[in-house]
Amino acid sequence: MWFNNASLFYKRPFFPAFSLTASHFSSPRIIIFTCEATVTRSGYFCCCSGEGKNRISVKPQTSVLVVSSTSKPQCFNLVKKKKMAALTDQYIVWTFFASLIGFFLLFILRLNGKNKSKKDTGNYKIQNDIVKRSSNDGDSSPENDSRTDIIIVGAGVAGAALAHTLGKDGRRVRVIERDLTEPDRIVGELLQPGGYLKLVELGLQDCVEEIDAQQVLGYALFKDGKNTRLSYPLEKFHADVSGRSFHNGRFIQRMREKAATLPNVRLEQGTVTCLLEENGTIKGVQYKTKDGQELRAFSPLTIVCDGCFSNLRRSLCKPKVDVPSCFVGLVLENCQLPFANHGHVILADPSPILFYPISSTEIRCLVDVPGQKIPSIANGEMANYLKTVVAPQVPPELHDAFISAVEKGHIRTMPNRSMPADPQPTPGALLMGDAFNMRHPLTGGGMTVALSDIVVLRNLLKPLNDLHDSASLTTYLESFYTLRKPVASTINTLAGALYKVFSSSPDQARKEMRQACFDYLSLGGVFSSGPIALLSGLNPRPLSLVLHFFAVAIYGVGRLLLPFPSLKGMWTGARLISSASGIIFPIIQGRRS
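- As annotated in an unreviewed UniProt entry, the protein chain is Squalene monooxygenase from Melia azedarach.

Shown next as structure tokens:
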């Protein structure tokens, strides 16, 4: 309108007709008209009837409520002031009381909702009464099923991060985890800078706070008494961006806590025994609660994130699990790494040894032992192996702390699994995390791949409002396998390739490749920043990986042919190129990994 306090036009046919005089506009109040009206630039309120027009001056700061009860404009005699004023006042009073009652009811509902949320999620303790059980067969009731958009099996790194991400997007998420106590593992303790950036993108960066996590700025590489420092290329990033190392269990608990703060995310403890299928579509899960009850839960989408020991993956993929080696884990105390805030990789015989901080007072040591058969811990064979074979290859600064850790006897082992992604697309279900795809943990790329996959899935599902649209959901989920591939395949292939290159071998070509890799990285500049950008997840490009691998191979051939080429050197060089091609060939073929 042309005067201040813009007028409101409101149509309600049940208002009675009445008349007004101009004096109704003498003070700011809401005036109700029953005629069609307009307001001119000069501040006149016009009611029209037939060919005539009646004008009433309207003061500034006056609000006018026009009620149109007919389709044809009509004008009324300007009388009955008291009746109009009484009606207006009555309308205002009842509106005020209705608003007050509505606000009071809303406050009560919100208060109850907050209390329920705190009860369900406080300290992420599972409440078995989250599930509404059917009085007949113990299944979740249909009413409860309709309130769940997504079931997530497992609340490890992938499951907990996914629950928070999808819950934050408004999805109603139900997480079923076998054990909600703090995990105690010797892997999953190093998050690369690329993974940290994904954590920031998901709004979970505070989960590495308050757990005594340590910043990791790069690697130190040791071989035959020589060493070189390889820093992450972080110049273009914020100072907070770096790798993080920590106790795996503390990190997972922080993410579980954060997911549980969302009112539409429910965590409960239970062991999922099978997926429920109907006409080729996964409809939900069957699980056993902590007290032994068999229950069922239903949702349009079930995401399986139950880790490397998954008992559900066979329904959704063709697992080809390889166990090339085992990690033997120790915790070193009261010592300092040669290079602070760096991971340390010793190119030992027969395979690499890793050191990195997991708190301000603890250093994790992982000794890689090739094969699946390892020395026995129980009869002392492992301790003897660590003291006689491994200890002499440990940097002098860490030797005494290493021997002390062995003598304390807290030696743990973990099989290193590798499993390429070979999905079997199934409507209504998806595999993620280590249940779906694993790589050798030498490079610490597992969490980076998992968090990257979560970002891909979140972006895919955002435009899909109705998850019950099974056809659209299936199409979106099939796209997931393609979109995740550049990051996942690069990190996975690099992990497998570096493990083969860094492990000792009687093959002369492999020995030359190992030495060439160490020397190539020691050159600095692009020769170190390029491969480290790949390893850290900052530049996960397949083409860059291919170029650097062949650059290492060509560099190794050059070393063999200088200063003068020989038949033996040329033969070894040819075999070196062949070995490099065999390592990198899967990514050239576009293999899912």
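Some points on the sheet that holds strand β13 (residues 243–245)
Piece 1. Pairing is antiparallel in the open sheet, where three strands are placed in the order β9-β13-β10. Among the strands making up the open sheet, the edge pair consists of β9 (190–191) and β10 (214–216).
Piece 2. In the sheet, β10 pairs with β13 via three bridges, with the strands oriented antiparallel. The partner of Gln214 across the bridge, within β13, is Ser245.

Side note on the pairing of strand β19 (residues 343–346)
Piece 1. In β19, alternate side chains face the same way, and those of Gly343 and Val345 on one face and His344 and Ile346 on the other are all buried.
Piece 2. Inspection of the sheet shows β19 paired to strand β20 (residues 353–357) by three bridges, in the antiparallel sense. By the bridge assignment for β20, His344 is matched with Phe355.
Piece 3. In sequence, β19 turns back onto β20 through a hairpin of six residues.

Section: unusual backbone geometry
Piece 1. Residue Pro350 is bonded to the preceding Asp349 through a cis peptide linkage, with omega at 15 degrees.
Piece 2. As for its position among the elements, Pro350 is in the loop between β19 and β20.
Piece 3. In this structure, Pro563 follows Leu562 across a cis peptide bond, with omega equal to 5 degrees.
Piece 4. Structurally, Pro563 can be placed in the loop between α13 (542–561) and α14 (567–589).
Piece 5. The backbone of Glu210 sits at a positive phi, close to 60 degrees, despite the residue not being glycine.
Piece 6. Here Glu210 is to be found in the loop between α4 (193–201) and β10.
Piece 7. Despite not being glycine, Asn334 has its phi angle at roughly 60 degrees, a positive value.
Piece 8. Tracing the backbone shows Asn334 in the loop between β18 (322–333) and β19.

Here's the deal with the nonpolar core
As a rule of thumb, nonpolar side chains are buried together in soluble globular proteins.
Piece 1. Grouped together as the largest cluster of nonpolar side chains are 118 residues, with contacts concentrated most on Phe251, Ile303 and Leu461.
Piece 2. No other element matches the nine residues that helix α8 (residues 446–461) contributes to this core.
Piece 3. With sequence-adjacent residues up to four places away left out, Ile303 is seen in contact with Ile150, Ile151, Ile152, Val153, Leu162, Leu166, Leu430, Met432 and Leu457.
Piece 4. Counting 29 residues, the second largest nonpolar core, distinct from the first, contains Met382, Phe402, Ile403 and Ala405.

Re the packing of aromatic side chains
Piece 1. The tally for this structure, following the rule as stated, stands at seven aromatic pairs.
Piece 2. Between Phe480 and Tyr481, the ring centres sit 5.6 Å apart and the planes meet at 65 degrees, which makes this aromatic pair edge-to-face.
Piece 3. A relative accessible area of 10% places Tyr481 in the buried class.
Piece 4. Where Tyr520 meets Phe527, the ring centres are 5.3 Å apart and the plane angle is 80 degrees; that geometry is what we call edge-to-face.
Piece 5. Over the ring of Tyr196 we find Arg244, and its NZ or CZ is 4.4 Å from the ring centre.

A closer look at the packing of helix α3 (residues 157–168) against α8
Piece 1. The contact between α3 and α8 brings their axes to 10 Å, and the two run at 25 degrees. By the angle between their axes, α3 is roughly parallel relative to α8. Of the two possible hands of crossing, α3 and α8 adopt the one that is right-handed. On α8, the residues touching Val157, Ala158, Ala161, Leu162, Thr165 and Leu166 of α3 are Met447, Ala450, Leu451, Ile454, Leu457, Arg458 and Leu461.
Piece 2. Of the residues that constitute the contact of α3 with α8, the class distribution is eleven nonpolar, one polar and one charged.

Observations regarding the sheet that holds strand β11 (residues 218–223)
Piece 1. Read from one edge to the other, the open sheet built from seven strands follows the order β12-β11-β19-β20-β21-β18-β22, with strand pairing classed as mixed. With one partner strand each, in any of the chains shown, β12 (226–231) and β22 (412–418) form the two edges of the open sheet. The sheet shows a mean angle of 20 degrees between the axes of neighbouring strands, taken without regard to direction.

Considerations on the pattern of salt bridges
Any two side chains of opposite charge can pair, on the condition that their charged atoms come close.
Piece 1. Scanning the model with the defined rule gives 18 salt bridges in all.
Piece 2. Between Glu333 and Lys408 there is a salt bridge; the shortest N-O distance is 2.9 Å. Residue Glu333 is found in strand β18, and its partner Lys408 is found in helix α7 (residues 396–408); the two are separated by 75 residues along the sequence.
Piece 3. Put simply, Asp453 and Arg484 hold a salt bridge, and the shortest N to O gap is 3.0 Å. Of this pair, Asp453 sits in helix α8 while Arg484 sits in the loop between α9 (470–483) and α10 (485–502), and the two are 31 residues apart along the sequence.
Piece 4. Residue Asp453 is classed as buried on the basis of its relative accessible area, which comes to 3%.
Piece 5. By sharing partners, the salt bridges in this structure join Lys198, Glu201 and Arg458 into a single network.

About the cut-offs
- Along every chain, residues carry numbers that run from 1 in the direction the sequence is written.
- With pLDDT at 70 or above as the cut-off, local features in this predicted model cover only qualifying residues; side-chain atom pairs require 80 or more to be listed or tallied, and sums for whole chains, interfaces and linings still use all residues.
- Remark: hydrogens and water are excluded; side-chain values derive from all non-hydrogen atoms of the structure.
- Pairing between two strands requires that DSSP report at least two bridges joining them.
- For the purposes of this entry, the term helix denotes a DSSP run of H or I that reaches at least four residues, the term strand denotes a run of E that reaches at least two, and both are numbered from the N terminus.
- For the exposure calls, accessible area comes from a 1.4 Å probe over protein chains only, and a residue counts as buried if that area is under 20% of its type's maximum, exposed if over 50%, partly exposed in between.
- By convention a nonpolar core is built from buried Ala, Val, Leu, Ile, Met, Phe, Trp, Tyr and Cys residues, the set being connected through side-chain atoms within 4.5 Å.
- Whether two residues touch is decided by their heavy atoms; if any such pair falls within 4.5 Å, the residues are in contact.
- Stacked, edge-to-face and tilted labels apply to pairs of Phe, Tyr and Trp rings (six-membered ring for Trp) whose centres lie within 6.5 Å, assigned for plane angles under 30 degrees, over 60, and everything in between, in that order.
- In our convention, an over-ring charge means Lys NZ or Arg CZ found within 6 Å of a ring centre and within 35 degrees of that ring's normal.
- Between N-to-C directions, angles cover 0 to 180 degrees, with each direction set by a line fitted to C-alpha atoms, over the stretch in contact for helices.
- In this scheme, roughly parallel covers angles under 35 degrees and roughly antiparallel covers those over 145, while 65 to 115 is roughly perpendicular and the rest are oblique.
- By convention the crossing between two helices is left-handed if the near helix lies anticlockwise of the far one by an angle smaller than a right angle, and right-handed if it lies clockwise.
- Note on residue classes: Ala, Val, Leu, Ile, Met, Phe, Trp, Tyr, Cys and Pro are nonpolar, Asp, Glu, Lys and Arg are charged, and everything else, Gly too, is polar.
- Just to be clear on terms, a salt bridge is a Lys or Arg side-chain nitrogen sitting within 4 Å of an Asp or Glu carboxyl oxygen.

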